[in-house]
Amino acid sequence: MTERVPIAVLVSGTGTNLQALLDTVHGREAQVVAVASSVADVPALARAEQRGVATAVFARASYPDRGARDAALAGWLLERGARLVVLAGYMELLGESFLSRFPGAVINVHPSLLPAFPGLRAVEQALEYGVKVFGVTVHFVDAGVDSGAIILQRAVELPDAREPGEVLAALRPLEHALLPAAVALFAAGALGVDPGNLRRVAIRSGEG
Ligand code: GRF
C-alpha cells in the first residue's frame, strides 16, 4: 500500500509543474503540505493558494546570506512536515546545509537530457549546440548544478527545431508526466541505489 508522503514544492515562477503535481499525485500518493517561492507574487503561489496549500516567500534579499535563507526555508518545510522536497522551476541553488536536512529526498526537474546542458537556459544551450534530440530529466539534487543521480528521463526528437519556445512546448508535457511519476515512485519506496553503481538509481517495480 502506497503511503501518502508529505511533500514541499519550491517554485520561482509560473508553476505549471506544481500544477501537474496538484492535479495528479496530490491527495493520492502525496500530499503537498507547503509551497515556497524565491519570488513574491508569482503565479505558482496563486496555484497553491487555490488548492488551500500553505505558501511562503523566501527571497534571498530578505536574508543576510544564502545559508540564512536556506536555514529558514528548511525550518519552515520541516515544520510543515515535508519528507520530500520537489524543485519545480526553483531558480536558486540549495547548499549542503539545506540538503543535509532532507537526505536523499530533494528532487528537481530539468529541461535537458543530463548530463548535457546543466544550469540556466538549458534549451537555448541545446539549440545553440545543434542537437536533434531534446528531453527532460528528473534527478536527485546534490550540491552541484543539476549533477545528482538521475531518476527518470524522456527524450523527444525535434530535428528541425530552431526556437526555444517550440522546444519548451514539446518538453512541457514530458515534464508534467515525469515529475509526478518520480514523486509516486518515491512515495512507493521504489527508488533505491544500484549497489554496482552508486550513481545509478534503481527503480523497484511491483511494490506491495
Ligand atoms: C521547467 O522547464 C523546469 O524544467 C525548469 O523550470 C521550468 C519551470 O516551469 N527547472 P514551471 O514554473 O513549472 O511552469
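So what's going on with the site of the ligand? Which residues, and what values?
Residues in contact with the ligand, as listed here, are Thr14, Gly15, Thr16, Asn17, Gly89, Val109, His110, Pro111, Arg172 and Glu175. In the model, an oxygen atom of the ligand is placed 2.7 Å from a nitrogen or oxygen of the Gly15 main chain. Contact between the ligand and Val109: a nitrogen atom at 3.0 Å from a main-chain N or O atom of the residue. Expressed as a share of its isolated accessible area of 360 Å², the protein-covered part of the ligand is 86%. Looking at the shell around the ligand residue by residue, the class counts come to two nonpolar, six polar and two charged.

How would you sum up helix α5 (residues 122-129)? Please name residues and give values.
Three- or four-residue spacings in an α-helix give side chains the same orientation, since the helix completes a turn every 3.6 residues. For α5, the complete set of buried residues consists of Ala122, Val123, Ala126 and Leu127. Down the axis of α5, the buried set is contained in an arc of 135 degrees. They therefore lie on one face. Relative to its buried face, α5 has exposed residues pointing more than 90 degrees away, namely Glu128 and Tyr129. For α5, the secondary structure elements touched by its buried residues are β5 (106-110), β6 (133-140) and α6 (164-187). Once α5 finishes, Gly130 follows within two positions and takes phi at roughly 90 degrees, a positive value.

Thresholds applied
- Residues numbered from 1 in each chain as written.
- Predicted model: local features only at pLDDT ≥ 70, side-chain atom pairs only at ≥ 80, totals over all residues.
- Heavy atoms only, no water.
- Near = heavy atom within 4 Å.
- Polar contact = N/O pair within 3.5 Å; in protein donor to acceptor, adjacent residues only side chain to side chain.
- Areas by Shrake-Rupley, 256 points an atom, 1.4 Å probe, with all protein chains shown as cover.
- Nonpolar A, V, L, I, M, F, W, Y, C, P; charged D, E, K, R; others polar.
- Buried < 20%, exposed > 50% of the residue type's maximum accessible area, 1.4 Å probe, protein only.
- Helix = DSSP H or I, 4+ residues; strand = E, 2+ residues; numbered from the N terminus.
- Arc of directions from axis to C-beta.
- Contact = heavy atoms within 4.5 Å.

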